[in-house]
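Summary of the model geometry
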Amino acid sequence: MRRFLLLYATQRGQAKAIAEEISEKAVTYGFSADLHCISESDKYDLKTETAPLVMVVSTTGNGDPPDTARKFVKAIKDKTLPPDFLAHLRYGLLGLGDSEYTYFCNGGKVIDKRLQELGAQRFYDTGHADDCVGLELVVEPWINGLWAALEKHFLSNRGREDTSETLTMASHASRDAVTPELLHVESQVGLLKLDDSGGKAAKVLEQNAVNSNQSSTLIVDFEASLTHSVPPLSQASLNIPSLPPEYLEVHLEDALGQEESHASVSLVDPVFHVPVSKAVQLTTNDAIKTTLLIELDISKTDFSYQPGDAFNVICPNSDSEVQFLLQRLQLADRREHRVAVTIKADTRKKGAALPQHVPERCSLQFLLTWCLEIRAVPKKAFLRALADHTGDSAERRRLQELCSRQGVADYTRFVREAGACLSDLLRAFPSCQPPLGLLLEHLPKLQPRPYSCASSSLFHPGKLHFIFNIVEFLSNTTEVILRRGVCTGWLATLVESILQPYTCANHVDGKKALAPKISISPRTTNSFHLPNDPSVPIIMVGPGAGVAPFIGFLQHREKLQEQHPGGHFGATWLFFGCRHKERDYLFRDELRHFLKCGVLTHLEVSFSRDVAVGEEEGPAKYVQDSLQRHSKQVAGVLLRDSGYVYVCGDAKNMAKDVHDALVEIISRETGVEKLEAMKTLATLKEEKRYLQDIW
């Protein structure tokens, strides 16, 4: 078989899953994928690689390559490498990202650009998949087109002309790189040509339309839903993905009484089990969002941090949701049994491996509570597998529709955008009874949740503060269920017994109750820190809970000014925003204190829902409006005084709006076109003077 090198750079497992899908499909098209994580540098060598390279690269943080790719990126960015270092290499790259973030797919773009600079050439156009609208919208056609691009590469290398008419036309296309759109049909031709096994290995299953005798075909006037489709989908023949090969054998064994620690959930970072020493509600009871502050006692640990750092909270799934799954899977009476997982001896999955996030011989209860992301939106491959474990033919047909090529709109609307999870599917399709092994194969690792430090260790020795909004939302995929965020809901319940109400927000001592404990771990070092030179001016933009790291900044700066009373400290601007002045103005007293003592030189606050009375020019509604009103000063800090700008908070709207406002400010105040202003802002980011901590 014709070999190609397949590398993935993953943060949360998505790039790995896509690379594994490519590897499994490759055999059908007559190729062999040499699959490796990009961090396994001892398994491959691009300098001597003669086969084509296929890469799947995710993006993390604010446009950074994933942690697994850091060593690789550092190596290829070596400035001593000659411009023809990789001139022999031919590659195709699929980038994964989220357009809600400013630097979309930047992890892949960084690698793509550098490979080009080192002389490598694309044999297939780069794809950029957007998790905001659904990765599969780009991933599926990109993979479908990959096979013809590889076919063209290998045939052209051998100088052969005995291809099919379609592939010959493709090989003489005017562009060097092949596009997924042009090669969709060609990939199907390649499939027909290479598959001589009577169709058994084909990855497309033709499903007949719903039987005309089924009563569901008569109900054509109802609206579509998670459980019900309408024409033309309900009457269509379906192109269904092939069934992912099962590869895990799971046995439940009687408990032996050994204790479990959820510290075992984290595989890399050190884990600290620390008590909650204080919990305060920062908003009034009638605020739209409830914001809590939690203080952790880290005095008896080696955990250290500086303002601007973030850390992970290791959290469990909701107990009620875990109990539902146990009941629904008919495993409630075996919750304390130990889970023994092995690889199936006869599996067809290439490179099958045990999931690293499942501790050896943990209890079933522990597995569902601490290890698996049971709230994850199911991928189409999971739906495809669930369909084969669904007894009712109408329910099975609907699951097939949702994972089919024809059902992409329904999948997007009723699964992806609705945030449906496994529990929702099991409620919607009562005859679906998946085995436990299927959950382990398809549910990702339960990720720890990151939070920004909202304190300074100089100001609060031995303590660590963080704040969060309690996330609450209605899930109405099949029935209306009020859900809370996995971590914020758990934390809110955990601290109920010691929670101080809003009126006691400035009270020093917490309630006298047994302090609950949580597990935390440090996050990879970032650059969201105060400038090393305290004389450099800074602009902080943090509406709502985004103000958290800036409280730490200001506490730190106050202590520094106390320690160096004659020192020169630059101007500090804070643009804060909330809905109502009297309901959710977080840290109001603290910010007034910082302003009064000169630690904070400019405080600009906007209230988006308060109605202005008797003002010629109403107050700014949002932080981006406040920035615009101080356009000259903002431009002066950034361009004349070489200052820093920090943005913290919501990525979906606020961060983009602030970015656009900064572009407009630079354009207006310097008299340049917006494109030039965008370049200026990009330079600030490269210089780490425009920093974001957004989610």
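What counts and what doesn't
Residues numbered from 1 in each chain as written. Predicted model: local features only at pLDDT ≥ 70, side-chain atom pairs only at ≥ 80, totals over all residues. Heavy atoms only, no water. UniProt positions renumbered as here; feature names shortened; annotations may be inferred. Phe/Tyr/Trp six-rings, centres within 6.5 Å; stacked < 30°, edge-to-face > 60°. Lys NZ or Arg CZ within 6 Å of the ring centre and 35° of its normal. Patch = residues over 30% accessible without salt bridge, like charges linked within 9 Å, V, L, I, M, F, W, Y side chains within 5 Å. Areas by Shrake-Rupley, 256 points an atom, 1.4 Å probe, with all protein chains shown as cover. Salt bridge = Lys/Arg side-chain N within 4 Å of Asp/Glu carboxyl O. Helix = DSSP H or I, 4+ residues; strand = E, 2+ residues; numbered from the N terminus. Buried < 20%, exposed > 50% of the residue type's maximum accessible area, 1.4 Å probe, protein only. Contact = heavy atoms within 4.5 Å. Pairing = 2+ DSSP bridges.

- Under an unreviewed UniProt entry, the name given to the protein is Methionine synthase reductase, and the organism recorded is Bison bison bison.
- In the Subcellular location (unreviewed entry) part of its UniProt record, the protein is described as follows: "Cytoplasm".
- Its UniProt record gives the protein the following Subunit (unreviewed entry) comment, quoted word for word: "Forms a multiprotein complex with MMACHC, MMADHC and MTR."

**Observations regarding the packing of aromatic side chains**
- Enumeration over the complete set of coordinates arrives at 22 aromatic pairs.
- The lysine or arginine in question, K380, covers the ring of Y411, its NZ or CZ lying 5.4 Å from the ring centre.
- For R427, the ring lying beneath its charged end belongs to F324, and the centroid distance is 3.9 Å.

**Brief notes about a nonpolar patch on the surface**
- Together, L474, V480 and L482 make up an exposed nonpolar region whose accessible area comes to about 340 Å².
- For L474, the location among the structural elements is in strand β16 (residues 472-475).

**Observations concerning helix α8 (residues 364-371)**
- Of all eight residues in α8, eight are buried, a share of seventy percent or more.
- Listing the buried residues of α8 in full gives L364, Q365, F366, L367, L368, T369, W370 and C371.
- Looking at the buried positions of α8, the neighbouring elements they touch are β9 (248-253), β12 (310-314), α7 (319-328), β13 (338-343) and α13 (436-442).

**What about the pairing of strand β19 (residues 517-522)?**
- Pairing analysis gives four bridges linking strand β10 (residues 272-281) to β19, with the strands arranged antiparallel. Counted as the bridge partner of P275 is K517 from β19.
- Relative to β19, β12 runs antiparallel, the two being bridged by four bridges. Residue pairing for β19: F311 is matched across the bridge by P522.

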